[in-house]
Amino acid sequence: MTLISFVVPAFRVQGYLRECLDSILGQPETDIEVIAVDDCSPDASGDIIDEYAARDQRVRSVRLPENVGLGPARNIGLDRAVGEYVWFLDGDDWLAPECLPEVAARLRDTRPDVLLIDHVRTHWNDTATRSAMAEVFPESPGAGTFRLRDRPEAMRLLHTAWNRLVRRDFLVDLGLRFAPGWYEDVSFSYPVLMAAQRIGVLDRVCVNYRQRRAGAITRTRGDRHFEVFPQWHRVFHLMDSWGSATDALRSAVFERMIWHYLTVLGNGQRIAPELRPAFFAQIAADYERWLPAGGYPVPDGVEGIKHRLVASGRWRTFSALRAASRARDVARRQARTARRRVGPVARRGARLTRDGLLREYYRAELRRPVDPTLAVYAAYWYRGYSCNPAAIYEVARRLVPGVRGVWIVRRDRVDTVPDGVEYVVAGTPTYYRVLARARWLVNNVNFPDFVRKRPEQVHLQTHHGTPVKVMGLDQQRYPIGAGHMDFAGLLRRVDRWDYSVSANSFSTQMWDRAYPATYTTLQVGYPRNDRLVAAGPDEVRRLRAEFGLGPDEQVVLYAPTHREHLPGYRPPFDPDRFVRALGDSGRLLMRSHYFHDRDRRPGRPMDWERVRDVSGYQRVEDLYLVADVLVTDYSSAMFDYAVLDRPIVLYTPDWEAYRLARGVYFDVTAEPPGAVATTFADLQDLFRTDAVRSDAATKAREHFRARFCALDDGHAADRVVRQVFLGEPGERPSRC
């Protein structure tokens with residue numbers, strides 16, 4: 001018999017589900033199965049589950065035809081489980097490395113009905129908060145088992161389904177199921193403990209309980225939080241049906257109920273002000289209804305005062321006490337902030353230089369009306385006219401001619417702006433004015449921190465590549481690559497986004513976890529790739545002629561990415577030796593990452609006859625079109641070039657170091673878009689033998705294109721403009 005059945009329900013967790021499944025399947029203990037239940041999720045959660053089920057026989061995929069909610073989805077997984085124990089793990093949480101062997105050993109040694117395990121709350125800033133395990137059990141309870149009546153303090157552990165493993169036969173015999181609705185853990189976790197004859201505790205952190213910045217019910221206001229009441233009613237009805245067997249536990253359960261109610265009420269992110277009186281009234285009613293005849297242990301201090309106010313139904317006094325406490329907290333925070341600002345305020349006069357005056361001008365412009373006909377475009381920190389914003393700009397000029405598009409560029413990049421494209425120079429008064437008053441703000445990176453998005457403005461984040469390396473908040477786990485990145489500042493910038501363009505489902509999944517906020521995702525393909533789809537043979541011949549490239553020459557574009565953790569790094573690549581491997585008809589175009597644009601003179605050719613430095617060439621799409629083969633490493637160029645369905649070679653001499661220091665989302669050497677070389681000699685051999693076009697390389701490219709390029713049909717920019725500028729609803733595939 002399988003020892004542990006993991007039941008993993010999935011709904012809107014596409015950004016986290018891979019980490020969850022990897023954390024289970026990567027454990028040393030293999031006597032497991034995973035029943036992953038797609039609760040008719042509108043995102044790619046179901047596709048991710050199918051992907052894992054296809055490559056690991058321990059994973060079983062369950063796709064539900066309609067959304068049933070977390071509790072019923074767990075029940076469906078339980079009905080399919082065959083393991084001796086069941087572990088309900090949420091799809092956005094993950095296991096601690098190497099924890100499962102210890103869990104399995106404890107299960108085999110003691111055979112408990114329920115095994116409680118420890119967890120940490122893992123926050124968006126990569127910090128972790130310990131659970132109450134050490135407070136509940138100051139001394140380790142050891143490997144023995146107990147009944148709840150002997151150690152009722154176990155009820156003070158968090159009442160979730162995922163911090164306990166339950167013996168499946170015990171659960172089936174008990175007939176306990178998860179109830180529908182929110183707070184479904186309540187009517188499962190407490191009854192399981194009360195009915196168990198053998199409870200064990202493993203004082204080992206096994207679960208990372210993700211504290212999501214957006215999307216969690218604990219951060220969602222609404223009247224559905226009233227569903228906590230019927231969940232607790234189910235607990236007391238069960239106790240009534242079990243008779244005197246649970247009488248000794250009634251007072252402790254009652255105290256937990258009132259504590260939980262007050263916790264929900266006190267969370268301003270759950271209960272809106274207008275709902276609080278009604279919520280309090282229901283607490284008071286339940287207090288009177290379920291109060292044990294012998295009373296219960298009322299907490300000390302402020303918590304005890306809250307309990308007594310509930311008992312007497314005194315909402316006004318309770319509300320006044322809460323308001324006074326919050327006002328005191330606000331006053332303390334303001335005092336701390338004022339102390340920190342003494343120095344900056346004293347230096348305010350000295351700061352009113354030209355930049356300071358321009359910022360004052362910007363703030364004044366923010367008070368003027370938004371211009372409903374103005375759109376501002378930018379790319380790569382004002383490096384010029386390019387990428388997705390340029391593609392969107394061109395389509396917007398056609399579909400919404402009444403909107404005036406203005407580009408922001410650096411002063412040293414003005415000469416790269418095409419004729420007929422209106423622009424402003426960054427740092428000038430006009431720059432501040434258009435940022436303050438434009439109706440649309442379009443960028444493939446973030447605007448500076450001083451920019452304040454007004455309610456009437458629409459911020460479109462286009463991004464500039466499908467991610468191989470980790471991005472956003474995920475960089476916190478790779479401090480070498482992240483450097484001194486300000487993650488709190490990053491999130492403030494992300495909160496300005498209204499729309500986020502995604503090239504494929506994989507990017508959407510990664511953006512969800514890297515940039516958690518409330519923006520709308522436009523999974524439409526990449527606008528900049530529309531040109532690659534639309535370009536025909538005539539345009540390719542014209543471009544090759546402009547570059548001086550003959551029709552029979554084999555043109556290779558080498559485009560490596562940069563290494564943030566290794567400034568100045570250059571891959572071991574000898575252009576002269578490389579073109580010799582290409583043969584007499586070979587030509588090499590070399591393009592460095594745009595981060596190095598201040599280290600060179602744009603367009604300056606190299607000394608070799610058949611090698612050209614094209615780093616300063618503005619439109620990378622032209623380079624893709626003229627190239628017969630792309631050689632890259634971890635650059636997003638591979639995803640764009642794959643649209644052309646031409647050979648791609650990955651040259652990854654530092655893969656292990658890059659993966660460990662910078663962090664990656666997937667192993668490009670295991671799932672490449674073509675042939676892979678890890679040494680320069682291997683790279684030369686691939687071209688000498690023409691292995692770049694082998695059957696294996698072609699099949700790898702086909703798989704890669706199916707996964708990452710399916711949406712690039714030449715109309716991505718059109719879809720973006722229609723939804724963002726014209727307000728036309730985007731097409732969304734129906735999953736349920």
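Quick caveat, the model's predicted, so the values are computed rather than measured.

Draft legend 1. Representation of the overall build of the protein chain in the model. Each helix and strand in the protein chain was counted, giving 28 helices and 22 strands. In terms of C-alpha radius of gyration, the protein chain reaches 30 Å, essentially the compact-globule figure of 27 Å for 736 residues. The C-alpha extent of the protein chain, read off along each of the three principal axes, is 95 × 65 × 45 Å. By residue count, 54% of the 736 residues in the protein chain fall in the buried class. Intrachain contacts of the protein chain at a sequence separation of at least 6 include 74% that bridge at least 24 residues. Entry remark: accessible area of the protein chain is about 32200 Å², with carbon and sulfur atoms responsible for 50%. Taking the average location of the 106 positive side-chain charges in the protein chain and that of its 95 negative ones, the two points are 8 Å from each other.

Draft legend 2. Helix α16 (residues 429–437), seen in detail. Looking only at α16, the buried set comprises Tyr431, Tyr432, Val434, Leu435, Ala436 and Arg437. Buried residues along α16 sit against α14 (354–365), β10 (371–378), β11 (404–409), β12 (423–425) and β13 (438–443).

Draft legend 3. Here's a closer look at the pairing of strand β2 (residues 32–38). Here β2 lies mainly inside the structure; 7 of its 7 residues are buried. Two elements, strand β1 (residues 4–10) and β2, share 7 bridges in a ladder whose sense is parallel. Following the sheet pairing, Ile4 is matched in β2 by Ile32. The parallel pair β1 and β2 is bridged by helix α1 (residues 17–25), and the resulting crossover is right-handed. Note: β2 against strand β3 (residues 59–63), 5 bridges, orientation parallel. Counted as the bridge partner of Val37 is Val62 from β3.

Draft legend 4. Seen up close, the state of the cysteines. Scanning the entire structure with this criterion turns up 0 disulfides. Summary of cysteine pairing: Cys99 is not part of a disulfide, and the nearest cysteine sulfur, belonging to Cys206, is at 4.2 Å. For Cys99, a relative accessible area of 0% gives the class buried. Free cysteine: Cys387, not disulfide-bonded; nearest cysteine sulfur from Cys709 at 15 Å.

Draft legend 5. Highlighting the nonpolar core. Ranked by size, the top nonpolar core spans 85 residues in total, and within it Tyr377, Leu460, Tyr515, Val724 and Phe725 carry the most contacts. With 6 residues, helix α15 (residues 387–399) is the largest single contributor of residues to this core.

Draft legend 6. Spotlight on a nonpolar patch on the surface. On the surface, a cluster of nonpolar side chains totalling about 220 Å² of accessible area is made up of Val302, Ile305 and Leu321. In this fold, Val302 is placed in helix α11 (residues 301–311).

Draft legend 7. Representation of empty space enclosed by the protein in the model. Using the criterion set out here, one finds 2 cavities of 30 Å³ or more in the structure. Of the volumes computed, that of the largest cavity is approximately 200 Å³. Forming the walls of the largest cavity are 17 residues, and the residues nearest its centre are His123, Trp124, Arg210, Leu473 and Arg513. The class makeup of the residues in the lining of the largest cavity is 5 nonpolar, 4 polar and 8 charged. Volume-wise, the second largest cavity comes out at about 40 Å³. Every residue along the wall of the second largest cavity is listed here: Tyr377, Tyr393, Ala396, Arg397, Val400, Val403 and Gly405. The biggest single contributor to the lining of the second largest cavity is α15, with 3 residues.

Cut-offs and rules
- Residues numbered from 1 in each chain as written.
- Predicted model: local features only at pLDDT ≥ 70, side-chain atom pairs only at ≥ 80, totals over all residues.
- Heavy atoms only, no water.
- Helix = DSSP H or I, 4+ residues; strand = E, 2+ residues; numbered from the N terminus.
- Rg over C-alpha atoms; globule rule 2.2 N^0.38 Å.
- Buried < 20%, exposed > 50% of the residue type's maximum accessible area, 1.4 Å probe, protein only.
- Contact = heavy atoms within 4.5 Å.
- Areas by Shrake-Rupley, 256 points an atom, 1.4 Å probe, with all protein chains shown as cover.
- Lys, Arg positive; Asp, Glu negative; His and termini not counted.
- Charge placed at Lys NZ, Arg CZ, Asp CG, Glu CD.
- Pairing = 2+ DSSP bridges.
- Right-handed = clockwise from strand over helix to strand, strands pointing away.
- Disulfide = S-S within 2.5 Å.
- Core = buried A, V, L, I, M, F, W, Y, C linked by side-chain atoms within 4.5 Å.
- Patch = residues over 30% accessible without salt bridge, like charges linked within 9 Å, V, L, I, M, F, W, Y side chains within 5 Å.
- Salt bridge = Lys/Arg side-chain N within 4 Å of Asp/Glu carboxyl O.
- 1 Å grid on protein atoms, 1.4 Å probe; cavity = no way out; pocket = protein on both sides within 12 Å on 5 of 7 lines; lining within 4 Å.
- Points joined across faces, edges and corners; volume = space filled by probe spheres on them.
- Nonpolar A, V, L, I, M, F, W, Y, C, P; charged D, E, K, R; others polar.

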